[in-house]
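Analysis of the macromolecular model
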Amino acid sequence: DEADPLASRLAAAERLARTAGNNARTFFLARDTLNPELKSASQDLVSEADRTVEAWLRRAIRRRFPQDGIVGEEEAATEGSSGFVWVIDPIDGTMPFLVGQPNWTVSIGIARGDAPVVGVVYAPMLRECYSAAEGGGARLNGCLLTMNPDWSVASTTIGFGATQKADPSEAGAFVEALYREGGVLFRVGSGALMLAYVAANRIAGYYDPTLHCWDCWAGMILVREAGGVVTFEGDLGQPGPIWAGNRRVHDQLRRLSRATP
Ligand code: IPD
Ligand code: CA
Ligand code: CA
Ligand code: CA
């Protein structure tokens, strides 16, 4: 295994994402029996599905890679000694999940030091598995992804992830600036899936004023390996803003997001 630590972890991450996704799907099909609880604000929910799938993932990762650290949304971080940290979101898109939309994912990223080196984003209801490892390209169900290098923010829609917790006037200023530039908004309630869509040329770029590492760690390596550019100003401990696209769109989104109300 340790002969190729990235390849063995990519293969394991894909298997775990698929099994976790199938477990989550069972909860999804019976979602009317879940009693979700509010977390920090309205529309910020957690259910037995999120907790059970994360606990299962943590057990499976510890069994296979006992020296690796784990950071995830629903439980406290655990440290490791190998230099690798798994960065997991058992269900990214809890809101779409709970209301029956298919656009939710299991997101499994891996950090070596501060850098994302492996990413798997699995969308069970869409039957799509996005995967990437450093230096090996990004794939959708096994097919290589290459981002369009020529697009601007006006070429096709732009993902915008602001939640109800965003500053309303900053969110408004970004939307206004984007539309002045000929851009149009797109949103699904999974940051991981929006980054995967950037890698797959389904949207031209993505901006979110605040994400946690578990929302974006896997998606960052997907975008980079597909030839794109990502800046995340958070880290494994702190949330922060994220911009993704080809070089041109990334730079345009950075500028537009600084428009002042
Ligand atoms: C959320 C999704 C959403 C993003 C939020 C996240 P969750 O994650 O990624 O797209 O805008 O900031 O919290 O709570 O559904 O895992
Ligand atoms: Ca959540
Ligand atoms: Ca999330
Ligand atoms: Ca989540």
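Just so it is clear, the model here is predicted, and its values are computed rather than measured. (Residues numbered from 1 in each chain as written. Chains lettered and ligands numbered in written order. Predicted model: local features only at pLDDT ≥ 70, side-chain atom pairs only at ≥ 80, totals over all residues.)

Quick look at the overall build of the protein now. Assigned secondary structure in the protein consists of 7 helices and 14 strands. Dimensions of the protein, computed from the C-alpha atoms along their principal axes, are close to 50 × 45 × 30 Å. Residues counted as buried form 46% of the 261 residues belonging to the protein. (Helix = DSSP H or I, 4+ residues; strand = E, 2+ residues; numbered from the N terminus. Buried ≥ 20, exposed ≤ 12 C-beta atoms within 10 Å, placed from the backbone.)

Take the site of ligand 1 next. Neighbouring ligand 1 are 14 residues; Asp92, Thr94, Gly161, Gly191 and Asp215 lie closest to it. At the level of elements, β4 (84-92), α3 (94-99) and β12 (205-211) are the ones that each hand at least two residues to the shell around ligand 1. When grouped by side-chain class, the residues that make up the shell around ligand 1 number 2 nonpolar, 7 polar and 5 charged. There are two domains that each give the shell around ligand 1 at least three residues, and those are domain 1 (5-145) and domain 2 (158-257). (Near = placed C-beta within 6 Å. Nonpolar A, V, L, I, M, F, W, Y, C, P; charged D, E, K, R; others polar. Domains from an automatic or database assignment.)

Further remarks concern the sheet that holds β12. The strand order β11-β10-β12-β14-β13 describes an open sheet built from 5 strands, whose pairing is mixed. The outermost strands of the open sheet, each flanked by one partner alone, are β11 (185-186) and β13 (229-232). Bridging between strand β10 (residues 158-160) and β11 involves 2 bridges; their strand directions are parallel. Paired with Ile158 across the bridge in β11 is Leu185. Contacts from helix α5 (residues 191-199) reach β10, β12 and β14 (240-245), with the element oriented near 155 degrees to β12. Along the sheet, helix α6 (residues 213-225) contacts β12, β13 and β14; its crossing angle with β13, the most-contacted strand, is approximately 155 degrees. (Pairing = 2+ DSSP bridges. Contact = placed C-beta atoms within 7 Å. Axes fitted to C-alpha atoms, helices over the stretch in contact; angles between N-to-C directions.)

A few words on the sheet that holds strand β9 (residues 143-145). Taking strand neighbours across the sheet as the criterion, the 7 strands line up as β3-β4-β5-β6-β7-β8-β9 in an open arrangement whose pairing is mixed. Of all strands in the sheet, those bounded by a partner on one side alone are β3 (69-72) and β9. In this sheet, adjacent strand axes meet at a mean angle of 20 degrees when their direction is disregarded. Examined bridge by bridge, β4 and strand β5 (residues 105-112) share 7 bridges and lie antiparallel to one another. Note on β5: the bridge partner recorded for Val87 is Gly109. The sheet contacts of helix α2 (residues 48-64) involve β3 and β4, and relative to β4 the element is tilted by about 155 degrees. Where α6 meets the sheet, it contacts β3, β4, β5, β6 (115-123), β7 (128-133) and β8 (138-140), and its direction lies at approximately 100 degrees from that of β6.

Attention shifts here to α6. The α-helix winds at 3.6 residues per turn, so residues separated by three or four positions along the chain end up facing the same way. Along its 13 residues, α6 runs 18 Å from first to last C-alpha, staying within 8% of the 18 Å computed at 1.5 Å per residue. By the largest-angle criterion, Gly219 marks the main kink of α6, which is about 25 degrees. Where α6 ends, the next residue or the one after it, Gly227, has phi of about 100 degrees, a positive value. (Expected span 1.5 Å × (residues − 1). Bend = angle between axes of the 7 residues up to and from the residue.)

Glancing now at the pairing of β7. Looking along a regular strand, one sees side chains alternate from face to face of the sheet. Among the 6 residues that make up β7, 5 are buried, leaving the element largely enclosed by the rest of the structure. Here β6 hands over to β7 after 4 residues, with Arg127 in that stretch at a positive phi of 55 degrees. Counting the residues between successive antiparallel strands, the hairpin from β7 to β8 contains 4 residues, one of them, Gly135, with a positive phi of roughly 80 degrees.

Attention now moves to the domain arrangement of the protein. Here the domain parsing of the protein yields domain 1 (5-145) and domain 2 (158-257). A C-alpha centroid distance of 19 Å is found between domain 1 and domain 2. Sort the elements by how many residues they give to the side of domain 1 that touches domain 2 and β6 lands first, with 7 residues. Of the residues assigned to the side of domain 1 that touches domain 2, the class counts are 21 nonpolar, 11 polar and 5 charged.

Moving on, we come to the nonpolar core. The biggest cluster of nonpolar side chains holds 80 residues, and the ones touching the most others in it are Val87, Val121, Leu195, Ala196, Ala199 and Leu222. Among the elements that make up this core, the one with the highest residue count is α6 (9 residues). Summarising the domain contributions, this core has at least three residues from each of domain 1 (5-145) and domain 2 (158-257). Aside from chain neighbours lying at most four places away, what touches Leu222 is Gly119, Val121, Tyr130, Ala132, Ala138, Leu195, Ala196 and Ala199. (Core = buried A, V, L, I, M, F, W, Y, C linked by C-beta atoms within 7 Å.)

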